[in-house]
Every structure is written in C-alpha cells, then in structure tokens.
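Below are the chains, spelled out letter by letter.
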Amino acid sequence: MIIQLKSSLTENDYSVIENNLTIHKFGFVRVNAGKKNYYVCVGKNEVDLRTFGHLKGVEDVFRVTDQYKLVSSQWRIEPTVIDLGNDVKIGNGHLSIMAGPCAIENENQVEEIVMHLVKNNIKIMRGGVFKPRSSPYAFRGMGMEGLKMFSRICKANHIKLVTEVMELNQVEEMLPYVDIFQVGARNSQNFNLLDVLGECRKPVLLKRGISGTIDELLHSAEYMYSRGNDQLMLCERGIRSFENAYRNTFDINAIALLKEKSHLPVIADPSHGVGIRKHVPTVALAAAVAGADGVIYEVHPTPELAKSDAQQTLDFTESTRLIEKLRSVVN
C-alpha cells in the first residue's frame, strides 16, 4: 500500500497516520520523492483503503501488491517523464536517442562526436570516463579530468551528458558535471551505491545486471526511489546466456514487460545487447517497435581505432542512417 500525503501536515497528523498503520500491523517508511510525500506500507492483512483515506493529511491511498512499491505501475496513472531541461524529455511518447563512444578518449574525439550529434539533432551524449573492464590491462578511462572536458564541450553545444559512476566516493565529485548518472550492469545490485544515488536526486539510468532478472532490476530501482529519487530509467542491455554467437542475449521481452510492470521510462542498449556492429541497428529498431522510450548506442569517428568496444560501435554514416530509421519508426 502507498499513502500519498498532502503538502502540509503537522507532526500530530503524521503521528495519527502512523498510529493507525501500527494498529493494523503495517510496517511503513516515510518517503519524500520529487515534490510529494508518501508512506510506503508493507503488511499481511487486507484492509479497506478507506481506513486511511479519511485521515487528515491523506491525499490518496493505493493498493500495490508488487513487492517493489514505488516503481510499480499499479499506483501511477501516467508514466514518468524525466525533464532534463531545454526541452529534453525522456518517457511517454518521447523517443530519446542517446549516442556516443564507449569510452571518452581525448578532446578531438568528443568534439567530433558532439558535432555529429548536433548535426542530427541528438540532445544526449553517452560516454564513459570510469570504465569497468574485464581485463585489468585494458583502457579504464580518463577519470575526472576527462569528465570535466566532456562536460565543458557538451554544455557549450547544449548536449546533455550520461556517464557511468562506479563508486560511492565518485558521486559527489561528479555531480556538477553529469546530467544523468549511469549504473552499469556490474553495479546493478550495489545497494550502497544505489542508496547514495537515491539521495542525490539526479536522473539515473539503471542497467539490468549481467544475469539479472526483471524483478531484480525493479527492486534495484526501488532502492533509489525509496531514498527519494523518482528520476529513474530502466535499461535493457542484454543478459548472459548459453549462446555465444553474439555478446549478450538482448531480451526484447523485457521492453514490453517493464513497460507493463513499471511507470518508469525503459531504454534499450542494442550495442551491448548484441555486440556486433552490423546487427546493432536491427536490434535498436526492434526495441523501438517494442515500445522502448529511448535507445542508447555507441558511435565513434573511427570505430576500428576505439579503445574499447570497437566491434559493436557504429561510425557516423551508420549512426546517421540509424537515427533516420528510428525517427521513421516512431513518426
């Protein structure tokens, strides 16, 4: 059950609501998310919602049977739309295209890609400055200096920036330079990191774990929402399976299921989903047709020279062609 509260309550109002919840044997947590206050309530007993609906300070009461309460679609009439400012919105009919390199490598690379995005009217650029790599000898990113350079160029060209955060102690330092924090597949269940990102209230793109289930992804999002961050996106990026003909098994079913189960925007990552350059556009288009709210993919001026993920990265010609096809699908 979720109890939505009115804007102005006295401490006595809170006490009355909490006493009633205790009497009916509900566990509860008070949550401030966005501009609203809620009680998220968990209990075994069925109760008439009017028991709480008439209490002073209660705006509405919702029965939510999902274990993940706040990210569930059971209590939200309208899907969440994330407004990044400058008319850049994600969710509910706004097909967002996010593109950029796997890793930020140097200033020239960033400038070339930004110009490509501007030319194609793309408003969000992806790019990693802290890179979790399977091999300790692989390129692991430019760090904070790379992020500052990345941010400076994007801001000068009115481009929003999404990049991965890997550790708790990076969040505060990265905060001024990031428009969207990305939580990668390896950190999808790093609950301490999720708690901190929940408290910072900056938009977060949460990727599905390498072998994560749909419910595990939704529970991870619940960690952040319960800490007050309602600016969340769910990302299907493929899961590990027995198949080795491609990098991951992109779960097109997940797009439809997540749209049904949650009110949060759902983003598709075809680059990691299939891991083969020639097939990235096909998977991206399939995700858009399946109802994804956005697509995030990798592009580089010369993919064969990219320091990471060269095999799944599009060049500018391929990227332009994909952008045109994506727009034709949703229009």
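Everything below is about the structure shown above.
What counts, and where the lines are drawn
- Residues numbered from 1 in each chain as written.
- Predicted model: local features only at pLDDT ≥ 70, side-chain atom pairs only at ≥ 80, totals over all residues.
- Heavy atoms only, no water.
- Pairing = 2+ DSSP bridges.
- Helix = DSSP H or I, 4+ residues; strand = E, 2+ residues; numbered from the N terminus.
- Axes fitted to C-alpha atoms, helices over the stretch in contact; angles between N-to-C directions.
- Contact = heavy atoms within 4.5 Å.
- Expected span 1.5 Å × (residues − 1).
- Buried < 20%, exposed > 50% of the residue type's maximum accessible area, 1.4 Å probe, protein only.
- Arc of directions from axis to C-beta.

Engineer: Go over the sheet that holds strand β4 (residues 58–62) with me, naming the residues and quoting the values.
Structural biologist: With respect to topology, 4 strands assemble into an open sheet ordered β2-β3-β1-β4, the strand pairing being antiparallel. Edge positions in the sheet fall to β2 (27–33) and β4, since each has one partner strand and no second. Neighbour-to-neighbour, the strand axes of this sheet turn through a mean angle of 20°, independent of strand direction. Across the sheet, helix α1 (residues 11–23) lies against β1 (2–5), β2, β3 (36–42) and β4, angled at about 15° from β3, the strand it touches most.

Engineer: So what's going on with α1? Which residues, and what values?
Structural biologist: Along its 13 residues, α1 runs 18 Å from first to last C-alpha, staying within 8% of the 18 Å computed at 1.5 Å per residue. Taken as a whole, α1 has its buried residues at Asp13, Tyr14, Ile17, Asn20 and Leu21. Along α1, the residues classed as buried sweep out an arc of 130° about the axis, all on the same side. Turned more than 90 degrees away from the buried face of α1 sit Glu11, Asn12 and Ile23, all of them exposed. Considering only its buried residues, α1 is in contact with β1, β2, β3, α2 (50–53) and β4.

Engineer: Can you break down the pairing of strand β14 (residues 294–298) residue by residue, with the values?
Structural biologist: Counting buried positions along β14 gives 5 out of 5 residues, so the element sits mostly inside the fold. Alternating residues of β14 divide into Gly294, Ile296 and Glu298 and Val295 and Tyr297, and every residue in both groups is buried. In terms of strand pairing, strand β7 (residues 96–100) meets β14 through 5 bridges, oriented parallel. If you follow methionine 98 over to β14, its bridge partner there is isoleucine 296. Relative to β14, strand β13 (residues 266–268) runs parallel, the two being bridged by 2 bridges. When the bridges of β14 are listed, alanine 268 appears paired with valine 295.

All quantities given are derived from atomic positions and should not be read as evidence of function.
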